Amino acid sequence: MFERVAPSDEQRDADAREGRSPDQVAALRLAALLVLVDVLLSLAVAIAFGNLAGAPILWMGVRLAMAYYLFKLRPRAEALALGLTILAGAGAVAGVVAGQVTGGFNIFGYLFAIPALGGAAALLLLLLGDPRREKRQAALWLFGILVCLPELLLLVLEVTGSLHRVGAPAGA
């Protein structure tokens, strides 16, 4: 009787898995892993560029908590992840559009929007429906190419100092 009033973690985990296909469980856990990797990459980029004070630490904390609850298969985490994913994608598009309207064409607006849109697209593939193995692989490739690759390249360019030499005059 006590377990019905205050269920243990094992009981909650078993209840969360009940009614879900193995594909859906795998997709939610993969989504949690992708969110965790995204937060760690964002934190690494903020540290490398010396912008840790300007980094959205609260947003990263929310996403870390969301990743944990997604991994634990909590139903509210799915709704939160879906909502935040849609907001992040819409925010990236709105930021690019606002930047283009106010300042003219700026390639950096597009470059910063690519990882946000790639991450949102990969998470939407995993969070919507009952993703089969092929769909999970597509989400993983999409995330790797559009999120990990640009952010890792940015980190390498910043750490090696190559990013600062791009705009430098020939004699410098």
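Because the structure is predicted, anything quoted here is derived from the model rather than measured.

Rules behind the numbers
- Residues numbered from 1 in each chain as written.
- Predicted model: local features only at pLDDT ≥ 70, side-chain atom pairs only at ≥ 80, totals over all residues.
- Heavy atoms only, no water.
- Salt bridge = Lys/Arg side-chain N within 4 Å of Asp/Glu carboxyl O.
- Helix = DSSP H or I, 4+ residues; strand = E, 2+ residues; numbered from the N terminus.
- Buried < 20%, exposed > 50% of the residue type's maximum accessible area, 1.4 Å probe, protein only.
- Contact = heavy atoms within 4.5 Å.
- Expected span 1.5 Å × (residues − 1).
- Axes fitted to C-alpha atoms, helices over the stretch in contact; angles between N-to-C directions.
- Parallel < 35°, antiparallel > 145°, perpendicular 65-115°, else oblique.
- Left-handed = near helix turned anticlockwise from the far one by under 90°.
- Nonpolar A, V, L, I, M, F, W, Y, C, P; charged D, E, K, R; others polar.

Can you explain the pattern of salt bridges? Please cite residues and give values.
On inspection of all chains with the given rule, the structure shows 5 salt bridges. For Arg 132, the salt bridge is made with Asp 23, and the minimal N-O distance between the two is 2.9 Å. Here Arg 132, found in the loop between α6 (107–127) and α7 (133–160), pairs with Asp 23, found in helix α3 (residues 22–48); they are 109 residues apart in sequence, far enough to count as distant. In this structure, Asp 38 and Arg 63 form a salt bridge, with 3.0 Å as the shortest nitrogen-oxygen distance. Linking Asp 38 in helix α3 with Arg 63 in helix α4 (residues 57–71), this pair joins segments that are 25 residues apart in sequence. Judged by relative accessible area, Asp 38 falls into the buried class, the value being 16%. A relative accessible area of 7% places Arg 63 in the buried class. A single salt-bridge network, built from bridges that share partners, covers Asp 23, Asp 130, Arg 132 and Arg 136.

Report on the side chain of Thr 85, specifying residues and quantitative values.
Inspection of the secondary structure puts Thr 85 in helix α5 (residues 75–103). Apart from the residues within four sequence positions on either side, Thr 85 is in contact with Ala 120, Leu 123, Leu 124 and Leu 127.

Residue-level account of α4, with values.
Across its 15 residues, α4 extends 21 Å between first and last C-alpha, which sits within 8% of the 21 Å expected from 1.5 Å per residue. Two residues or fewer past α4, Leu 73 is found with a positive phi of approximately 65 degrees.

So what's going on with unusual backbone geometry? Which residues, and what values?
With a phi close to 65 degrees, Leu 73 is a non-glycine residue in the positive phi region. Note on placement: Leu 73 falls in the loop between α4 and α5. According to the relative accessible area criterion, Leu 73 is buried, its value standing at 1%.

So what's going on with the environment of Ala 44? Residues and values would help.
If you trace the backbone, Ala 44 turns up in helix α3. You can call Ala 44 partly exposed: its relative accessible area is 28%. When the C-alpha positions of Ala 44 and Leu 155 are compared, they lie 7.7 Å apart, and in sequence the two are 111 residues distant.

Please provide a residue-by-residue account of the packing of α4 against α5, values included.
One can describe the packing of α4 onto α5 by two numbers: an axis separation of 9 Å at closest approach and a directional angle of 140 degrees. The angle between α4 and α5 places the two elements in the oblique class. When you trace α4 past α5, the crossing you get is left-handed. Together, Trp 59, Val 62, Met 66, Tyr 69 and Leu 70 of α4 and Ala 77, Glu 78, Leu 80, Ala 81 and Leu 84 of α5 make up the contact between the two elements. For the contact of α4 with α5, the class distribution of residues is 9 nonpolar, no polar and 1 charged.

An account of the packing of α3 against α7 is needed here, citing residue identities and associated values.
The geometry of a pair of packed helices is captured by two quantities: the angle between their axes and the separation between those axes. Where α3 meets α7, the axes come as close as 10 Å, and the angle between the chain directions of the two elements is 10 degrees. Between α3 and α7, the crossing angle belongs to the class labelled roughly parallel. Counting all contacts with α3, which are made through Asp 23, Ala 26, Ala 27, Leu 30, Leu 34, Val 37, Asp 38, Leu 41, Ser 42, Ala 44, Val 45 and Ala 48, the residues of α7 involved are Arg 136, Leu 140, Phe 143, Val 147, Cys 148, Glu 151, Leu 152, Leu 154, Leu 155 and Glu 158. Classifying every residue of the contact of α3 with α7 by side-chain character gives 16 nonpolar, 1 polar and 5 charged.

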